[in-house]
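The chain contents come next:
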Amino acid sequence: MHELSLATSLINLIEREAAKSGFMAVLEVQIEVGDLSGVEADAFGSALELLVSDTILSGAEITILRTPGHGKCNTCDREFLMTTRTDTCPGCKAFPSEISGGEEFRVVSMVAE
Ligand SMILES: [Zn+2]
């Protein structure tokens, strides 16, 4: 499962960061997952929950922020919400559109001690 390996990488990344900064525990972490990032936010959240025990993230409050996909039509300049990257423009049905949001997959904030 793709999300499981992403969750593992994220935990490793945070543990490396913590070791560098001398943190003992992560209290809160917010992760942004865009709807067009290719990451299934719910599956990723469950994978993370499974994996955090015995890591620096055990006991941390983990929040997953979902960012909706945004597109801008290359033909008529209309801006609209996208649920998949292959969505066509709701106005003129043109494809492709420029993706202007929803591809994020990153840690946006972390509280550690
Ligand atoms: Zn259009």
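Residues numbered from 1 in each chain as written. Predicted model: local features only at pLDDT ≥ 70, side-chain atom pairs only at ≥ 80, totals over all residues. Heavy atoms only, no water.

## Examining the coordination of the zinc ion
Thought 1: Coordination of the zinc ion by the protein involves C73 (SG), C76 (SG), C89 (SG) and C92 (SG), with metal-donor separations of 2.2 to 2.3 Å.
Thought 2: With 4 donor atoms in place around the zinc ion and angles of 105 to 115° between them, the coordination shape is tetrahedral.
Thought 3: Here the donor residues of the zinc ion share one chain and are spaced in sequence as C-x2-C-x12-C-x2-C. Placement of C73 in strand β3 (residues 69-73) and of C92 in the loop between β4 (79-82) and β5 (97-101) is noted, with a sequence separation of 19 residues between them.
Thought 4: Assessed through its relative accessible area of 1%, C73 is described here as buried.
Thought 5: A residue is classified by how much of its surface remains accessible, and C92, at 34% relative accessible area, is partly exposed. (Donors = N, O, S within 2.8 Å, 3.2 Å for Na, K, Ca; no water. Tetrahedral: all angles 85-135°; square planar, octahedral: opposite > 155°, others 65-115°. Helix = DSSP H or I, 4+ residues; strand = E, 2+ residues; numbered from the N terminus. Buried < 20%, exposed > 50% of the residue type's maximum accessible area, 1.4 Å probe, protein only.)

## Things to note about the sheet that holds strand β1 (residues 26-34)
Thought 1: Strand order in the open sheet formed by 3 strands is β2-β1-β6, with mixed pairing between adjacent strands. One side of each edge strand has no neighbouring strand; the edge strands of this open sheet are β2 (61-67) and β6 (105-112). Neighbouring strand axes in the sheet, compared pairwise and without regard to direction, differ in orientation by 15° on average.
Thought 2: Examined bridge by bridge, β1 and β2 share 7 bridges and lie parallel to one another. (Pairing = 2+ DSSP bridges. Axes fitted to C-alpha atoms, helices over the stretch in contact; angles between N-to-C directions.)

## Side note on the pattern of salt bridges
Pairs can form between side chains of opposite charge whenever their charged atoms are close.
Thought 1: This structure, assessed with the given rule, holds 5 salt bridges.
Thought 2: Here R106 makes a salt bridge to E32, at a shortest N to O gap of 2.6 Å. Here R106, found in strand β6, pairs with E32, found in strand β1; they are 74 residues apart in sequence, far enough to count as distant.
Thought 3: Judged by relative accessible area, which is 11%, E32 ranks as buried. (Salt bridge = Lys/Arg side-chain N within 4 Å of Asp/Glu carboxyl O.)

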